[in-house]
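Each chain, written out:
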Number of protein chains: 2
Amino acid sequence: MASTPNKRTGRRIRSVEIAFTILDAIRANEATSVTELADELGHSKSTIHSHLRTLESQEIIVRQDDGYRLSLQLLDMANDVREQVANYEVIVDEVDKLASETGEIAHFGLEEHGKVAYLYKAMGTQAVETVSRPGGKQPMYSTSLGKAILAFLPADRRREILDHVSFAPKTPKTITDPERFADELDVITDQRYAIDDEENIEGLRCVAAPVKNENTVLGAVSVSGPVSRSTDEVLHGELAESVQRTANVIELNTKFS
Amino acid sequence: MASTPNKRTGRRIRSVEIAFTILDAIRANEATSVTELADELGHSKSTIHSHLRTLESQEIIVRQDDGYRLSLQLLDMANDVREQVANYEVIVDEVDKLASETGEIAHFGLEEHGKVAYLYKAMGTQAVETVSRPGGKQPMYSTSLGKAILAFLPADRRREILDHVSFAPKTPKTITDPERFADELDVITDQRYAIDDEENIEGLRCVAAPVKNENTVLGAVSVSGPVSRSTDEVLHGELAESVQRTANVIELNTKFS
DNA sequence: GTCGTCATTCCCGTCTCGCGAACGGAGGTT
DNA sequence: AACCTCCGTTCGCGAGACGGGAATGACGAC
C-alpha cells in the first residue's frame, strides 16, 4: 500500500475486487477455507462462499482436502502471457547466452504498472542465489533494469511513472532524492547502460541495457553479480559491453508487430 | 459447453463471471479494446470499461498500445501454483529422467474439474511434436494419464466424474461406450498402468502409471510416442515398466503434508 | 449422545452494477 | 478548416445482484 502508482480514476467493480482479494489469500496460502477466509478478509462466510463457488466454476481454483488451491489453468494463462509478450523466444535464447557467457544471473524485465517485472531469468554457472523469479516485481528506481527502461521511455510516460512513485529506500545505497535520480537518468541516457550498485539488494551489483523498439522501450537486459566479483572495472567494462551486445541482438531479432 | 462437469449448485457472482469472460477474450487475443470486447462479449462499452479498469488496478492486465494484454503477474501466480502442488521439484526431476531415458515425451498430469491437466512436460531427444503444454487440459477418458488416474481414484470421486462426463470421440479409436470404458478401467486397475492407443490424438500412443498417495491419487506419469516406434511390445514392455518405475520413485519421494 | 466446528442455504435490504446515451478527443477525408 | 467517424470515457438511472446475518446441515470428537 505504500506505493500508489497508476491510481487511475473511474469506476471499479467491487465484487471483482473482492474476488481477487480472495484469490490473493489463496495464492499466499494464508487461508484456504471458507471460515478462515471470512475471518482473514473481513467478509461474511456467505460472501466468501459464493465467491469461492464462482472461482471454482471458472476453474481458477480447485478444492483440495480441506481448502482450496490455485488451479493449473493459471499455468496455461502464463503460457498465453509469454505468447503475448513480443519476441519471448528470442529473449530466452539471448538471456541464456548472456548468463552462460558471464556466468552470472541474467534477467530480462519490462515495465508494468510503474514497476519492473521480470519476464525471464537465467542462471550462469557461478550465479549467486537471488529471490527474483519470473513475474516478480521490483521498484524501477532501485534496479538497473528499471533505470535503464526509465531512461529511454518516452518523456510523458516517464513523467507519469515518476510522478506516482515514492522513493522508499531498499538499502542504504538506494537513491531516494528525485533530483539525484534525474541526474542518474541523464548519465544512463548518455552511456546507454545503467548500474545498480547495491541499491536494491545489499551485496549485489547489476548492469542493464535497454532493448529499444522504434520510439519506445520493450524492456531491458541485466547481469547481476556479487560485489566481490563485480568491480567497477568489470561492471563498466566487460559486463556493460555484454548486456549492450545482448540488447542489440534482441533488438535486431525483434519482429515489429 | 459440450461438457458439464462439476456443475455444483450455489450462487455465482455475475460480475466476477463477466470479469473472467473478459480475461478469457484478452487471453485469446480475440479482442483487446473496449469496443471490440463490448461487441464480442455482448456487453455495453461502459460495463467493459469499468471491468477493464478494475482488472488493470488489480494489475492483472496491462495497457499496450491500443488494447490490453495479460500482465506478468500471471507468471508470478504460476509460480505459486507450482509451489502449491505437492512435490513439484521431485516430479520435474523424475519426468526429466523419464524423458531422457526413453527419448520420448513424458508428462505428469493430475485431475482437475473432471479433466486431466498437464503439470509438467519433458521432451526426449526423439520426441514428437505435440501441442500439449503445462496447464493444458484433456479429457480423462481418451488419455492414458486420465485413465490411470481414474482407475485409482476413490470410488465416489470416480463416480462423480464419470457421471458428469460426456464421451465425445477425439479420434476414431476413442472409447465412447461407458460400459467398455468401465471394463478398460478394470484392466488398468489390474495391470497398474494405462494405455492410450491413438484414442486422443491420431498417430500417438501413450502409457501412463498412477502416482498414489495413501488412499488417493496425486496424478500420473506418461510417455508418448508415435505409432511407428510404439509397438505393443514396446508399450506394454519397457515403456510400461519405465513409467511405473518413475511413478514409484515419485511416490517414495513424496513428502506427506 | 452432545457439543463444537465448518460448509451451505435462505432471506432481506441496500447499494452496486450494467445499461444507454451523451460527451470529448483524435484522426481522416473533403 | 470544417465536417465526420470512431474511439474511450463519463453520467444518471433503475433493476436486481450482492453482502450480511442467522438458520440449517453435515461431520467429528469426546
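Note that the structure is predicted; figures quoted are calculated from it, not measured.

Draft legend 1. Structural context of the pattern of salt bridges. Evaluation of the coordinates by the stated rule reveals 44 salt bridges over all chains. The partner of B:K137 in a salt bridge is A:E59, with the nearest N and O atoms 2.5 Å apart. With B:K137 in strand 5 (residues 137–139) and A:E59 in the loop between helix 3 (45–57) and strand 1 (61–63), this pair bridges two chains. On the basis of relative accessible area, A:E59 is assigned to the buried category, the value being 15%. With a closest N to O distance of 3.2 Å, B:E94 and B:K97 form a salt bridge. Linking B:E94 with B:K97, this pair stays in helix 5 (residues 88–102), spanning three residues, or about one helical turn. Classification of B:E94 by relative accessible area gives buried; the value is 10%. Using a relative accessible area of 44% as the deciding quantity, one classes B:K97 as partly exposed. One network of salt bridges, with partners in common, ties together A:D24, A:R27, A:R133, B:D76, B:D80 and B:E83.

Draft legend 2. Looking closely at the sheet that holds strand 7 (residues 204–213) of chain B. All names here are of chain B. The strand order 5-4-3-8-7-6 describes an open sheet built from six strands, whose pairing is antiparallel. The sheet is open, and its two borders are formed by strand 5 and strand 6 (194–197), each paired with just one other strand. For this sheet, the mean angle separating the axes of adjacent strands, direction not counted, is 30°. Pairing of strand 4 (residues 115–123) with strand 5, which is carried by three bridges, proceeds in the antiparallel orientation. Bridging across to strand 5, A117 finds its partner in K137.

Draft legend 3. View of the nonpolar core. Ranked by internal contacts, the top residues of the largest apolar core, which has 106 residues, are A:L119 and B:L119. Leave out the neighbours within four places in its chain, and B:L119 touches A:L72, A:L75, B:V85, B:Y88, B:I91, B:F108, B:G109, B:L110 and B:P134.

What counts, and where the lines are drawn
Throughout, a residue's number is its position along its own chain's written sequence, starting from 1. Written order decides the labels, with chains lettered from A and ligands numbered from 1. Restriction of local features to residues with pLDDT of at least 70 applies here, the model being predicted, together with a cutoff of 80 or more for giving and counting side-chain atom pairs; totals for whole chains, interfaces and linings are based on all residues. As a rule here, side-chain values cover all heavy atoms of the structure and leave hydrogens and water aside. The rule for a salt bridge is simple: a side-chain nitrogen of Lys or Arg has to be within 4 Å of a carboxyl oxygen of Asp or Glu. Secondary structure elements follow DSSP: runs of H or I no shorter than four residues count as helices, runs of E no shorter than two count as strands, and numbering proceeds from the N terminus. We call a residue buried when its accessible area falls under 20% of the maximum for its residue type, exposed when it is over 50%, and partly exposed in between, using a 1.4 Å probe and counting protein chains only. Two strands are said to pair when DSSP picks up at least two bridges between them. Axes, fitted as lines to C-alpha atoms, cover a helix only where it is in contact. Angles between the N-to-C directions of the axes lie from 0 to 180 degrees. Throughout this description, the term nonpolar core refers to a set of buried Ala, Val, Leu, Ile, Met, Phe, Trp, Tyr and Cys residues connected via side-chain atoms within 4.5 Å. We call two residues contacting when some pair of their heavy atoms lies within 4.5 Å.

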